[in-house]
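Summary of structural features
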Amino acid sequence: MRPLSGKWLRRLLFASLAVNLFFVGLVSARVVLDVEIPGFERERRGFHELPHPRTLRAALPPERQELLEATLDAHREAVRAEFRSLNAARQRVADAIRAVPFDPAELEAAFDVLRQKNSDTAASLHLMLSELIARLEDEERAAVADTIRVWRPRESRQDGERRE
């Protein structure tokens, strides 16, 4: 087998670069611009597997979008404040892990704060969802309930294999 000539090698490298840039563009569009790309769908999940506002919008009929937006608007600043506080707690954990010398007591204290901030953030989101759901009709509540992923443990099959 003879080696590739410089001309063919350049073409091959250019084609490889083009393919890589194409896929980087797809991923960037999906992540940064939140563009829907067929074949690259992902479920939108919020904090602790709660439905993301986009998922709620899709679950509710168009005539109820105003109610959803009003509820989101009423809680937006409180939820943002909770997420800022949660992010600060996460940063504290990361800093404690990186610290030299490492202090196990500081890490445990940071984890304690993180657990509390997780709880506070979830409570804020639960309050927002509760207010929205209390104003929905039976069918609309059922549609929202259908968006919530319920985790089930894997079951073992008779042959010893695990079922997804």
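Residues numbered from 1 in each chain as written. Predicted model: local features only at pLDDT ≥ 70, side-chain atom pairs only at ≥ 80, totals over all residues. Heavy atoms only, no water.

1. Things to note about the overall build of the chain
Using the following cut-off: Runs of E in the DSSP output that reach at least two residues are strands. Runs of H or I that reach at least four are helices, and both are numbered from the N terminus. Each residue gets one of three labels from its accessible area relative to the maximum for its type: buried under 20%, exposed over 50%, partly exposed in between, using a 1.4 Å probe on protein chains only. In what follows, residue pairs with any heavy atoms lying within 4.5 Å of each other are defined as contacts. All accessible-area figures derive from a Shrake-Rupley calculation using a 1.4 Å probe, and residue coverage is judged against the displayed protein chains alone.
Across its full length, the chain carries 5 helices and 2 strands. The helix and strand sequence of the chain, counted from the amino end, reads α-α-α-α-α-β-β. Buried residues in the chain amount to 24% of all 164 residues. For the chain, long-range pairs separated by at least 24 residues make up 55% of all intrachain contacts whose partners lie at least 6 apart in sequence. Counting only carbon and sulfur atoms, one obtains 58% of the accessible surface of the chain, whose full area is about 12200 Å².

2. Some details on unusual backbone geometry
P101 follows V100 through a cis peptide bond whose omega is 5 degrees. Relative to the elements of secondary structure, P101 occurs in the loop between α3 (65–98) and α4 (104–134).

3. Observations concerning the confidence of the model for the chain
Selection criterion: By definition, pLDDT measures how confident the predictor is in each residue, and it falls between 0 and 100.
For the chain, per-residue confidence averages 81 on the pLDDT scale, and residues scoring 70 or more make up 74% of the total. Considering only residues more than four positions removed or in separate chains, one finds that residues 43–48, a stretch of pLDDT under 50, has 21 contacts.

4. As for the pattern of salt bridges
Charged atoms that come close allow side chains of opposite charge to pair. This is how the line gets drawn: Here, a salt bridge means any side-chain nitrogen of Lys or Arg that lies within 4 Å of a carboxyl oxygen of Asp or Glu.
Here the structure, examined in full by the defined rule, presents 9 salt bridges. A salt bridge links D95 to R98; the shortest N-O distance between them is 3.9 Å. In this pair, D95 and R98 both sit in helix α3, 3 residues apart, roughly one turn of the helix. Using a relative accessible area of 60% as the deciding quantity, one classes R98 as exposed. D112 serves as the salt-bridge partner of R115, at 2.2 Å between the closest nitrogen and oxygen. Of the two residues, R115 and D112 are both situated in helix α4; the distance of 3 residues between them amounts to about one turn of the helix. What you see here is one network of salt bridges that share partners, running through E108, D112 and R115.

5. A few points about a nonpolar patch on the surface
Short version of the rule: Only residues above 30% relative accessible area that lack a salt bridge enter a patch, with like-charged residues linked at up to 9 Å and the nonpolar side chains Val, Leu, Ile, Met, Phe, Trp and Tyr linked at up to 5 Å.
The grouping of L9, L12 and L13 at the surface amounts to a nonpolar patch, some 290 Å² of accessible area in total. In this fold, L13 is placed in helix α1 (residues 6–31). Since its relative accessible area comes to 55%, L13 is described here as exposed.

6. A short note on the packing of α3 against α4
Condition: All axes are obtained by fitting lines to C-alpha atoms, using only the stretch in contact for helices, and the reported angles, taken between N-to-C directions, cover 0 to 180 degrees. Should an angle lie under 35 degrees it is considered roughly parallel, over 145 roughly antiparallel, and from 65 to 115 roughly perpendicular; all remaining angles are considered oblique. Three residue categories are used. Nonpolar comprises Ala, Val, Leu, Ile, Met, Phe, Trp, Tyr, Cys and Pro, charged comprises Asp, Glu, Lys and Arg, and polar comprises the others, including Gly.
The N-to-C vectors of α3 and α4 enclose an angle of 170 degrees; their axes lie 9 Å apart at closest approach. The angle between α3 and α4 falls in the class roughly antiparallel. Residue composition of the contact of α3 with α4, by class: 21 nonpolar, 6 polar and 7 charged.

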